[in-house]
Amino acid sequence: MSYEDELTQFRNAWKDELSGTCPTKQIKAKQLYLKGMLLEREGYCYEAIEYFRQALKLVPDIEKSIDVNIDFGSSSSGPGAIPGLEEVEGQVLSNLSADRSQWVEKFNTSETHFDDVFTCLPDRPSTRTHISALPNEIILSILRYVVSTELDLRSVESFGESCKWFYNLARTPQLWQAACRKIWPEVWPPADSTTWRAIFINKPHMRFDGVYVSRIKYFRHGEQKPNLCCTLQTVFYHRFLRFFPDGLVLSLNTTQAPQSAVAALKDRASPNKDVTYGQYTISGQELKVVLFQRDISCRTSIILKPDQSFNITFKLSGLTGRQTLQWLDYYTVEKKNGQTKKSSIAIVPPHFSKFVYVRAKSYAAVSAGTI
């Protein structure tokens, strides 16, 4: 269409609107919204969404001028019962209700089939919208935010304990597959009857919704004074490790209360200057961690000191919710004047007690994004 044709079409439409021969935007939006309400009451929720979208596109606050308790009566018997809906914005919307299967195919994300999912119904009549009115794809999108980038699958398991419908949705294969791919990018698809959920549960991996705590207690000799017995002082401190799905690990040694340490390790960019950063790799039950000290002279960003690293090897044991880390090897690597020096550190109790996993509820309180 040429520029002159577009200009002529605009002028004709403008004249028709001024002369009252075509409905205004307010009338069009109201007709679209009413048609959406009609289809929604008849059970065609997906088709109604398109009408609501077109109405809000014309008039964003159109719903304020609509009576939600309107009675359509016998006018709901056909798709063209409300006048002016045959064609709006150049799109034939009245044909949307003719083929509902294409909408099911469009909204079905292949994560679960509509016919295979249990549904729940309200126990008593209510004027409020029940959660069963939500389509499966909406709930699955919400679950992806629940899992988030920190892989909070524990909340998904709790969600699945509510009813059969939620149980089925919480075990959507693509949901667990995305979690597996986040930790093991090259993991192969499950064979035979093995599910992605079984792989995630049984394959050794770290927990990301809590910290690993090691409590150290030892006795230290006090100051020796003449004609007095030697005093002993009891020293307590904790080691904390926080793991992330992308291989990042945070470490903190502190004598403060555990609550303050858990808060300091909540975010990747910790404001605590004593937090050390590093990377970890896991192969079977062997966990290797490399930590670097933080350059405290830089206050605006996190810069690590590459001249010295702390290399630790742990043995991962226990169930997923009761994991422990046993010390296997510990050494430091120092680079200075073009030379590399490796120093082994003897692992002797009580300074190297095992780490025990402890869940932190605050880590899963806010979703950092969808998986």
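Bear in mind that the values here come from a model prediction, so they are computed numbers and not experimental data.

(A) Representation of empty space enclosed by the protein. Inspection of the entire model under this criterion finds two cavities of 30 Å³ or more. Forming the walls of the largest cavity are Val146, Ser148, Glu150, Asp152, Phe208, Asp209, Tyr363, Ala364, Val366, Ser367 and Ala368.

(B) Structural detail: the pattern of salt bridges. One pass over the full model with this rule turns up six salt bridges. With its nearest N and O atoms 3.7 Å apart, the salt bridge here joins Arg171 to Glu157. Of the two residues, Arg171 sits in the loop between helix H7 (164-170) and helix H8 (173-183) while Glu157 sits in helix H6 (residues 153-160), which places them 14 residues apart along the sequence. With a relative accessible area of 25%, Arg171 lands in the partly exposed category. Residues joined by salt bridges that share partners form a network here, namely Glu150, Asp246 and Arg268.

(C) A look at a nonpolar patch on the surface. A cluster of nonpolar side chains, Ile131, Leu134, Ile138, Ile142 and Val146, forms an exposed patch at the surface whose accessible area comes to about 360 Å². Looking at the secondary structure, you find Val146 in helix H5 (residues 136-147).

(D) Spotlight on the nonpolar core. Core analysis: the biggest nonpolar cluster contains 42 residues, and Met206, Phe243, Phe314 and Leu325 have the highest contact counts within it. Examining the composition of this core, we find that five residues originate from one element, H8, more than from any other. Here Leu325 is in contact with Met206, Tyr212, Leu241, Phe243, Leu287, Phe314, Lys315, Leu316, Lys354 and Phe355, once residues within four sequence places are set aside.

(E) Region of the structure containing the packing of H5 against H8. Across the interface, H5 lies against H8 with an axial gap of 11 Å and an inter-helix angle of 25°. Between H5 and H8, the interaxial angle falls into the category roughly parallel. The handedness of the crossing between H5 and H8 is right-handed. Contacts between H5 and H8 pair Leu143, Arg144 and Val147 from the former with Gln174, Leu175 and Ala178 from the latter. Residue composition of the contact of H5 with H8, by class: four nonpolar, one polar and one charged.

(F) Geometry of the packing of helix H2 (residues 25-41) against helix H3 (residues 45-58). Here H2 crosses H3 at 160°, and the two axes come no closer than 8 Å. Between H2 and H3, the crossing angle belongs to the class labelled roughly antiparallel. Seen along the crossing, H2 lies across H3 with a hand that is left-handed. Residues Lys25, Lys28, Ala29, Leu32, Tyr33, Lys35, Gly36, Met37, Leu39 and Glu40 of H2 form the contact with H3, whose participating residues are Glu47, Ala48, Tyr51, Phe52, Gln54, Ala55 and Leu58. A breakdown of the residues in the contact of H2 with H3 according to their chemical character gives ten nonpolar, two polar and five charged.

What counts as what
Starting from 1, residues in each chain are numbered consecutively following that chain's sequence as written. Two thresholds apply to this predicted model, a pLDDT of at least 70 for residue-level local features and 80 or more for giving and counting side-chain atom pairs, whereas whole-chain, interface and lining totals are computed over all residues. Note that the side-chain values use all heavy atoms of the structure and ignore hydrogens as well as water. A cavity here means a set of 1 Å grid points, computed over protein atoms only, where a 1.4 Å probe fits but cannot escape. A pocket is an open set with protein on both sides within 12 Å along at least 5 of 7 lines, and lining residues have an atom within 4 Å of a point. Grid points are joined across faces, edges and corners, and a volume is the space filled by probe spheres set on the points. Basic side-chain nitrogens of Lys or Arg form a salt bridge, by our definition, when they fall within 4 Å of a carboxyl oxygen of Asp or Glu. Secondary structure elements follow DSSP: runs of H or I no shorter than four residues count as helices, runs of E no shorter than two count as strands, and numbering proceeds from the N terminus. A 1.4 Å probe rolled over the protein chains alone gives each residue an accessible area, and that area as a share of the maximum for its type sets the label: buried under 20%, exposed over 50%, partly exposed in between. Patch membership requires more than 30% relative accessible area and the absence of a salt bridge. Residues of like charge join within 9 Å; the nonpolar side chains Val, Leu, Ile, Met, Phe, Trp and Tyr join within 5 Å. Residue burial considers only the protein chains on display, and all accessible areas are found by Shrake-Rupley using a 1.4 Å probe. For our purposes a nonpolar core is just a set of buried Ala, Val, Leu, Ile, Met, Phe, Trp, Tyr and Cys residues, chained together by side-chain atoms within 4.5 Å. The contact criterion used throughout is that any non-hydrogen atoms of two residues lie within 4.5 Å. Angles shown run from 0 to 180 degrees and are taken between the N-to-C directions of axes, each axis being a line fitted to C-alpha atoms and, for helices, limited to the stretch in contact. Oblique is the label for any angle not covered by the other classes, which are roughly parallel (under 35 degrees), roughly antiparallel (over 145) and roughly perpendicular (65 to 115). The sense of a crossing depends on the near helix, which, turned anticlockwise from the far helix by less than a right angle, makes the crossing left-handed and, turned clockwise, makes it right-handed. Here the term charged refers only to Asp, Glu, Lys and Arg, the term nonpolar to Ala, Val, Leu, Ile, Met, Phe, Trp, Tyr, Cys and Pro, and the term polar to all other amino acids, Gly among them.

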